[in-house]
Amino acid sequence: MKNQLTGGSALGRVRVALLTWYATDHRDFPWRRTTDPYAVLVSEVMLQQTQASRVAERFPTFMSRFPTPRSLAQASEAEVLAAWSGLGYNRRALALRHAAAEVSKGGWPQGVEAIRRLPGVGPYTARAVASLAFGEPVGVVDTNVRRWLVRRFGLAADSPLRALQALADALAAAGSAADAGPWTHATMEFGAAICTSRAPRCDACPISQGCPARGLATAVPVPRQPSFAGSDRAHRGALLRALTGRRGHSMTMRAARGLLPEAVVQRVVDGLVRDGLLHRSRGRLVLGGAPATAATIGS
């Protein structure tokens, strides 16, 4: 992949320009003010498939309720799911609780590969935690970063993740490891605020000089999410939100049928039970997995 755009000196110039820009021009989110690995992990899990503005509203409350890995691990699944309600993709909350339990027992794993072994942590999240919390000079490639890498370095829109990750790692290593955290934040912020999908702000771009896409940028295709309205995902979210607001976080199946279309209610309930997001007890639907499972996870 190395060419005149991706040589060592070129990467160094891009890195310096982006860090200089980020130092004075970025959105102030609460998770950007800390290097605590637990807070970083919570924020990164929340940010998966959820808009940053929405996470910014919920992150402080969640951290106040569960300020340490131990406090999250010791909470019931129902408590965690209730605190997570409205963020979507609720299995993330249970995986985060599993990860907190492991950290509480064994401490924080060191290095990307070790962090990846935490429950619910994939390659991207592991790299984000490693760089933001532990100062490891590794690159991250999310949708926003992928877009600007493709444009700025003249790459094919369908470039494989492996190649993009190698470029991101080279950029992360092209400067001081002391800037590992700010660099990761800068790469994500730049794609979200400047090199946007539909209307890139080339006039405000700090790395526009030499950019082959300047004034010519086209959309970089990303996998499309199925429509949310009327989907099983929407129905699952509606039922879980209803359960979080009920006394004891429970309701009858009859009440559930009053919330969801008859044609989908059984399938939705069965799926939530299968995923450990609710269980049946004495004829009622109860938020969270079965008690025996919850006790094992939190011990």
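Only a predicted model underlies this, so the values are computations on that prediction, with no experimental measurement involved.

Asks: Pulling in residues and values, what's your account of the overall build of the protein chain?
Replies: Counting its secondary structure elements, the protein chain contains 15 helices and 3 strands. On C-alpha atoms alone, the protein chain measures out to a radius of gyration of 21 Å, which is about the 19 Å that the 2.2 N^0.38 rule sets for 299 residues. By its C-alpha atoms, the protein chain is 70 × 40 × 30 Å across when sized along the principal axes. Here the protein chain holds 299 residues, and 47% of them are scored as buried.

Asks: Quick rundown of the nonpolar core? Include the residues and the values.
Replies: Core analysis: the largest hydrophobic core is formed by 85 residues, its most contacted members being Phe62, Trp148, Leu149, Phe153, Leu171, Phe190 and Leu239. Among all residues touching Phe190, those that are not within four sequence positions of it are Leu18, Trp21, Trp148, Cys195, Cys205, Pro206 and Ile207.

Asks: Explain the pairing of strand β3 (residues 284-287) residue by residue, including any values.
Replies: Here strand β1 (residues 250-252) pairs with β3 via 3 bridges, running antiparallel. Paired with Ser250 across the bridge in β3 is Val286. Pairing analysis gives 4 bridges linking strand β2 (residues 278-281) to β3, with the strands arranged antiparallel. Bridging from a neighbouring strand, Ser281 pairs with Arg284 of β3. Count of turn residues in the β2/β3 antiparallel hairpin: 2 residues, of which Arg282 carries a positive phi of about 55°.

Asks: Talk me through the sheet that holds β3; I want residue IDs and the actual numbers.
Replies: An order of β1-β3-β2 is seen for the 3 strands of this open sheet, with the pairing classed as antiparallel. If you trace the sheet from one side to the other, it starts and ends with β1 and β2, each paired once. Going from strand to strand, the sheet's axes swing by 30° on average, the running direction of each strand aside.

Asks: Before we move on, could you go through unusual backbone geometry and cite the residues and values that matter?
Replies: Residue His249 is not a glycine yet carries a positive backbone phi of 50°. Here Arg282, not a glycine, exhibits a phi torsion of approximately 55°, which is positive. Along the chain, Arg282 falls in the loop between β2 and β3.

Asks: Requested: an account of the packing of helix α12 (residues 232-244) against helix α14 (residues 262-274), with residues and values cited.
Replies: Remark: α12 packs on α14, axes separated minimally by 10 Å, with the N-to-C direction vectors making an angle of 75°. One element, α12, and the other, α14, form an angle in the roughly perpendicular class. Where α12 abuts α14, its residues Asp232, His235, Arg236, Leu239 and Leu240 lie against Val264, Arg267, Val268, Val269, Gly271 and Leu272. Residue composition of the contact of α12 with α14, by class: 6 nonpolar, 2 polar and 3 charged.

What counts as what
Residues numbered from 1 in each chain as written. Predicted model: local features only at pLDDT ≥ 70, side-chain atom pairs only at ≥ 80, totals over all residues. Heavy atoms only, no water. Helix = DSSP H or I, 4+ residues; strand = E, 2+ residues; numbered from the N terminus. Rg over C-alpha atoms; globule rule 2.2 N^0.38 Å. Buried < 20%, exposed > 50% of the residue type's maximum accessible area, 1.4 Å probe, protein only. Core = buried A, V, L, I, M, F, W, Y, C linked by side-chain atoms within 4.5 Å. Contact = heavy atoms within 4.5 Å. Pairing = 2+ DSSP bridges. Axes fitted to C-alpha atoms, helices over the stretch in contact; angles between N-to-C directions. Parallel < 35°, antiparallel > 145°, perpendicular 65-115°, else oblique. Nonpolar A, V, L, I, M, F, W, Y, C, P; charged D, E, K, R; others polar.

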